[in-house]
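# Structural description and commentary
Read off the chains here:
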Amino acid sequence: MKQPIFDRRGFLQQSALATLATLAGTDVIFASKIPPHYRPLAFDYDPLKGKSPEMTVLGDKPWNVESPIHLLDDAVTPVSKMFIRNNGLIPTEPINPATWTLVINGESVKGAKTYTLNDLKKRFKPYTYQLVLECGGNGRAGYQPQTAGNPWEQGAVSCAEWTGVRLKDILADVGLKEDAVYIGYYGKDPHLSQDPTKVAISRGVPMKKALEDETLIAWAVNGQDIPLEHGYPLRLVVGGWPASTSGKWLHTIAVRNKVHDGAKMEGHSYRVPIRPVEPGEKIAETPENFRIIESMPVKSLLTFPKTGAMVDIKQPLAIRGHAWAGDRSVAEVHTSIDYGATWQKSKLSSPKNRLAWQHWSAELTFPQPGYYEVWVRATDDKGVTQPLVIPQWNPGGYLNNACHRIAVKAIA
Ligand SMILES: Nc1nc2c(c(=O)[nH]1)N[C@H]1C(S)=C(S)[C@@H](COP(=O)(O)O)O[C@H]1N2
Ligand SMILES: [Mo]
């Protein structure tokens, strides 16, 4: 990653040729004929390779891939079923974990420091947490009129087990000034335009969130190296907040003396109006009109059975799913089979750790054969419940936490 793949005259570096041979698993015939500045096709990374064939591809430039809800049934999301959200390109230059470094700099550090991946692994205590990563735009497809941005249904969410060091331990080692307000991350992913002076995304969180126990600089997910599309070899993981704050391919964290002003921190990016606006209304994108999205709202999914299921009326139907509530925990989950007229309380587990999703389950009996919908709705520990209908429209199409529904046909 340190060296570009081409030498000064544009020919592939020896190291890049070696990588090519490794990727191909064989010798590169006619290597000497590869023209200057030509990037071999084998370097094109296919992020779908490790994914379930049932994943939904929203686009490949940038790569955005979501999970159909029934795929999210596992207690801990396997990488094969984890949504992918990129603003720029997946890094194409070979990444060498042995030379990868993390720089901590910015106005509010006492002095900048650089850590190798090995420093992070050897000098600090590792922690493992299950953390919900949900795109701020998850559910955007539900808003009318449609807003710009990926039309996610409800599957831009995961809860995997991340391993790394606490950002707070690293920041304590670096030493912060009194005026630290915010952190901002920088990753190695090229901007879509490939213009090296442009940054695809550089977001962050206030110090309070940055210094929480569960805010990790992670090198592993579910006990394995992080796959390239999810940020190999190092990423920030900030559970419960828009996943856009969890910077992938992390190489720098700046500690700022003001709200971080990186790419996608401005305009209506990851912001919602402070006052309700008419659907479709255009309002000036000034800081007074918008607030930055912080903790994500309460939400739940019904992951089993799959919508469209045929169920036998003679036996109770066991249903299940997950619920989460940003920085809060979930207090109750209810289900309804009569369009919300009556609700039945579900069984609900406690989270594995703070900021992990919780599992709920219930048994349903259907009074007679026919078409039904099963609705699920969670309530957080402050008594806030998911809306039954689409919540307040906003220009970025963020924070749709309307209750999830499936259709079932009960047969005798
Ligand atoms: N460097 C970098 N980090 C990034 C992004 C990106 O485009 N580049 N996308 C962000 C957004 S918007 C989301 S929702 C999450 C998605 O994480 P995932 O692809 O691992 O599921 O990564 C965040 N971190
Ligand atoms: Mo996102």
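Residues numbered from 1 in each chain as written. Chains lettered and ligands numbered in written order. Predicted model: local features only at pLDDT ≥ 70, side-chain atom pairs only at ≥ 80, totals over all residues. Heavy atoms only, no water.

### Examining empty space enclosed by the protein
Note the cut-off: Definitions used throughout: a 1 Å grid over protein atoms alone; a cavity as a set of points that fits a 1.4 Å probe which cannot get out; a pocket as an open set with protein on both sides within 12 Å along at least five of seven lines; a lining residue as one with an atom within 4 Å of a point. Grid points are joined across faces, edges and corners, and a volume is the space filled by probe spheres set on the points.
On inspection of all chains with the given rule, the structure shows one cavity of 30 Å³ or more. For the largest cavity, the calculated volume is near 260 Å³. For the largest cavity, the lining is made up of 21 residues, of which Arg85, Arg235, Ala243, Ser246 and Lys248 are closest to its centre.

### Describing the sheet that holds strand S24 (residues 404-411)
In any sheet, the strands associate via hydrogen bonds between backbone groups, in a parallel or an antiparallel arrangement. Let me state the cut-off plainly: For two strands to count as paired, DSSP must find a minimum of two bridges between them. Secondary structure elements are taken from DSSP: a helix is a run of H or I of four residues or more, a strand is a run of E of two residues or more, and numbering for both begins at the N terminus.
One open sheet accounts for five strands, arranged S17-S24-S23-S19-S20; its pairing is mixed. In the strand order of this sheet, the two ends are held by strand S17 (309-312) and strand S20 (344-345), each with one partner. Here strand S23 (residues 370-380) runs beside S24; their pairing, made up of seven bridges, is antiparallel. The residue bridging glutamate 373 from the neighbouring strand is alanine 407, located in S24.

### Some words on the sheet that holds strand S3 (residues 84-85)
Sheet architecture is open: three strands sit in the order S1-S2-S3, paired in antiparallel fashion. A strand with exactly one partner marks an edge of an open sheet, and here the two such strands are strand S1 (56-60) and S3. In this sheet, strand S2 (residues 63-66) lies alongside S1 in antiparallel orientation, the contact comprising four bridges. Residue pairing for S2: valine 57 is matched across the bridge by valine 65.

### Some remarks on the pairing of strand S19 (residues 330-336)
Filter applied, for reference: Exposed residues in this analysis have more than 50% of their type's maximum accessible area, buried residues have under 20%, and partly exposed residues fall in between, with area computed by a 1.4 Å probe over protein chains only.
Among the seven residues that make up S19, five are buried, leaving the element largely enclosed by the rest of the structure. Across six bridges, S19 lies against S23 in antiparallel orientation. Looking at S23, one finds that serine 336 is bridged to tryptophan 375. Two strands pair when backbone bridges link them, and S19 and S20 are joined in this way by two bridges, in the antiparallel orientation. Looking at S20, one finds that histidine 334 is bridged to lysine 345.

### Remarks on the domain arrangement of the protein
We apply this condition: Residue ranges labeled as domains rest on an automatic or database domain assignment. Contacts are residue-level and defined by heavy atoms, with any inter-residue pair within 4.5 Å sufficient. Joining two parts hides part of their accessible area as seen by a 1.4 Å probe, and the buried area is that hidden amount summed over both. In the sections that follow, a salt bridge refers to a side-chain nitrogen of Lys or Arg positioned within 4 Å of a carboxyl oxygen of Asp or Glu. Distance and chemistry together define a polar contact, namely a pair of N or O atoms within 3.5 Å, with one atom able to donate a hydrogen and the other to accept it when in protein, and with adjacent residues in sequence counting only for side-chain atoms on both sides.
Taken domain by domain, the protein comprises domain 1 (8-44), domain 2 (73-292) and domain 3 (299-411). Counting residues at the interface gives 45 residues for domain 2, matched by 30 residues for domain 3. Roughly 3100 Å² of surface becomes buried between domain 2 and domain 3 when both sides are summed, with 54% attributable to carbon and sulfur atoms. It is Asp73, Tyr143 and Gln154 in domain 2 that bury the most area against domain 3; as a group they hold 24% of the surface buried on that side. Summed over the shared surface of domain 2 and domain 3, the result is six salt bridges. Lysine 209 is the partner of aspartate 327 in a salt bridge, and the nearest nitrogen-oxygen pair spans 2.7 Å. The interface formed by domain 2 and domain 3 contains 20 residue pairs in polar contact (both at pLDDT 80 or more). Looking at the side of domain 2 that touches domain 3, the elements that each hand over two or more residues are strand S6 (126-134), strand S7 (157-166), strand S14 (271-273) and strand S15 (290-292).

### Some points on the site of ligand 1
For clarity, the threshold we go by: Being near a molecule or strand, for a residue, means having at least one of its heavy atoms within 4 Å of it. All accessible areas in this document rest on Shrake-Rupley with a 1.4 Å probe, and a residue is counted as covered only by the protein chains that are shown.
Residues in close proximity to ligand 1 total 19 residues, the closest being Phe83, Asn87, Asp189, His230 and Lys248. Taking aspartate 189, its side chain carries an N or O atom lying 2.6 Å from a nitrogen atom of ligand 1. At a separation of 2.9 Å, a nitrogen atom of ligand 1 approaches a polar backbone atom of serine 246. Coverage of ligand 1 by the protein chains reaches 100% of its 530 Å² of free accessible surface.

### Thoughts on helix H3 (residues 167-174)
Stated formally: Throughout, the arc means that of the directions going from the helix axis to the C-beta atoms.
Within H3, burial applies to Leu167, Ile170, Leu171 and Val174. Buried positions in H3, seen along its axis, are confined to an arc of 95° and lie on one side of it.

### A few points about the state of the cysteines
Using the following cut-off: In this description, the term disulfide denotes a pair of cysteine sulfurs within 2.5 Å.
Counting across every chain of the model gives zero disulfides. Considering cysteine sulfurs only, cysteine 135 is the nearest to cysteine 159, which forms no disulfide, with 16 Å between them. What makes cysteine 159 buried here is its relative accessible area of 0%.

### Observations regarding the pattern of salt bridges
Tallied over the full model, the rule gives 21 salt bridges. Linking glutamate 161 and lysine 352 is a salt bridge whose minimum nitrogen-to-oxygen distance equals 3.7 Å. One end of the pair, glutamate 161, is in strand S7; the other, lysine 352, is in the loop between strand S21 (347-348) and strand S22 (358-364), and 191 residues separate them in sequence. When its relative accessible area of 25% is taken as the criterion, glutamate 161 is described as partly exposed. The shortest N-O distance in the salt bridge between aspartate 312 and lysine 314 comes to 3.4 Å.

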